[in-house]
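What follows is the residue order along each chain.
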Amino acid sequence: MTDPAQHADGAAPQPFEDPVLSPPVDLGAALNQMAGLVLSRETVDTALALVTTLAAATTAGTLGAAVTVVDEHGKRSRAASNAAAEQADALQYELDEGPCLTAWRTRQLVRIDDTTTDGRWPRWNAAVSALGVRSVLSAPLLVGEESIGAMKVYCERPMNYGPHDEHVMRLLAGQAAILLANTQSLAEARRLSRQLTEALASRDAIARATGVLIATSATGEQEAFATLAAAARRTGRPVHDVASALVAAAVARNARG
Amino acid sequence: MTSDEPRRRMDAARVRAELTVQDLWLRYVALGGTGDAFDLDGYLQGLVPLETFQQDILAQALNEALEDSYRAYRVPLSSLPPGDAVDEPLRRFVDDLLDRGPPASPEQSEPPAHHSE
């Protein structure tokens, strides 16, 4: 993990380029906050909400921000900072056109200066200008070779975003993509670990029940399993329940002597 | 072609239960299966054989998954309180299993489980 900024606490960062506008918040602190989040155990949703809040706070005049996530479950928005951003996003998925889908597909940053004059996404532009969205900036979320979505800010004024905002969005999108990929794989690893633990507990119960059956009547593991499976079918219960009941009953009998 | 039938039925069941090979493998391991996910994948695609015992475990895993997906759609009746009514047959069944006693073996083996209290 690279350390994105080395500023002392409280000191304003010196921009390395002469910005058109000075950033409204300390970007170095914002990036630090996100880098720290990777190391802590936050949920994906918390991480996404932080990303959109930062995007809205670091681009002047922004009305709403959101993250579009594209994966095997489809396209959806998460952590939209307000209803307008959510609606504008929903229209993109509905019409299957719009700046964020283009940013995601082409891996290029997309800027719309005025939705009433921009001709690239006519249906979407017409729909969102009715919602009061006039300018848009959308940056792709790239992890290595893979494009996992886009992050966007909407503004109700035309011509709102310039080169400085593009620069800020690129920086944020780079961090957000790493963050998203990390939290997604962390959530996935946790899920798998929980499932494996459950699977092993069930497997233990079945192995103990197999032992009980071999000690009483079964001629081998295969027959013991067949007995458990037959009991499961007759009682309408999963094999794991039958195995647990069998072991519990055997223990109870021994306790009685 | 007929020997291929169980395999095709199993893969069809997997699709019907909306399970990925990974999910199916977890269920199979939970039931005591000893193959890895590649063994299952290869078997379901008809590329490698799987021993009969492992096939039985896989079949049980699939049946339970189908049962679970079916159960998710069941509608409860107001007159039947969800209780342990179903536990009674299971208890009797388990008692029957234990009452069968040890197989006709020459020596009496140790009781299957030790308890310490």
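Provided above is the structure to which this section pertains.
Only a predicted model underlies this, so the values are computations on that prediction, with no experimental measurement involved. Along each chain, residues carry numbers from 1 onward, in the same order as the chain's sequence is written. Note on labels: chains are lettered from A, ligands numbered from 1, in written order. Totals for whole chains, interfaces and linings use every residue, but because this is a predicted model, local features are given only for residues with pLDDT of at least 70 and side-chain atom pairs only at 80 or more, for both listing and counting. Water and hydrogen atoms were dropped before computing side-chain values, which therefore reflect all heavy atoms in the structure.

Kindly report on the interface of chain B and chain A, identifying the contributing residues and their values.
Only heavy atoms enter the contact rule, under which two residues are in contact if any of them lie within 4.5 Å. Contact residues are listed per partner, giving 35 residues for chain B and 35 residues for chain A. Summed over both partners, the interface of chain B with chain A comes to about 3,100 Å²; 66% of that surface belongs to carbon and sulfur atoms. Take a side-chain nitrogen of Lys or Arg and a carboxyl oxygen of Asp or Glu: if they are within 4 Å of each other, that pair is a salt bridge. The interface formed by chain B and chain A contains one salt bridge. As a salt-bridge pair, D95 of chain B and R253 of chain A come within 3.4 Å of each other at their nearest N and O atoms. Under the DSSP-based scheme used, a helix requires at least four consecutive residues in state H or I and a strand at least two consecutive residues in state E, with every element numbered from the N terminus. Counting only elements with at least two residues in the side of chain B that touches chain A, the list comes to α2 (21-30), α4 (52-71) and α5 (87-99) of chain B. Among the elements that take part in the side of chain B that touches chain A, α5 of chain B stands out by supplying nine residues, more than any other. A quick way to say it: buried area is the sum, across both parts, of accessible area lost when two parts are put together, with a 1.4 Å probe.

Got a sec to walk through the side chain of T235 of chain A? Specific residues and values, please.
Mapped onto the elements of the fold, T235 of chain A is located in helix α7 (residues 221-235). Between buried and exposed lies partly exposed: a residue is buried under 20% and exposed over 50% of the maximum accessible area for its type, with that area taken using a 1.4 Å probe on protein chains only. On the accessibility criterion, T235 of chain A (9% relative accessible area) is buried.

Would you mind going over the nonpolar core in detail, with residue names and values included?
Ranked by internal contacts, the top residues of the largest apolar core, which has 45 residues, are L228, V239 and L246 of chain A together with L24, Y28 and L58 of chain B. The set of elements that each furnish at least two residues to this core consists of α6 (163-216), α7 and α8 (239-256) of chain A together with α1 (5-16), α2, α3 (37-44), α4 and α5 of chain B. Looking at this core, the element that brings in the most residues is α8 of chain A, giving seven residues. Excluding residues within four positions of it along the chain, L24 of chain B makes contact with R14, L19, L40, L44, L58, A61 and L62 of chain B. Counting 26 residues, the second largest nonpolar core, distinct from the first, contains A47, L109, L141 and A173 of chain A. In this text, buried Ala, Val, Leu, Ile, Met, Phe, Trp, Tyr and Cys residues form a nonpolar core when linked through side-chain atoms within 4.5 Å.

Note that every value here comes from positions in space, so none of it alone points to a role or purpose.
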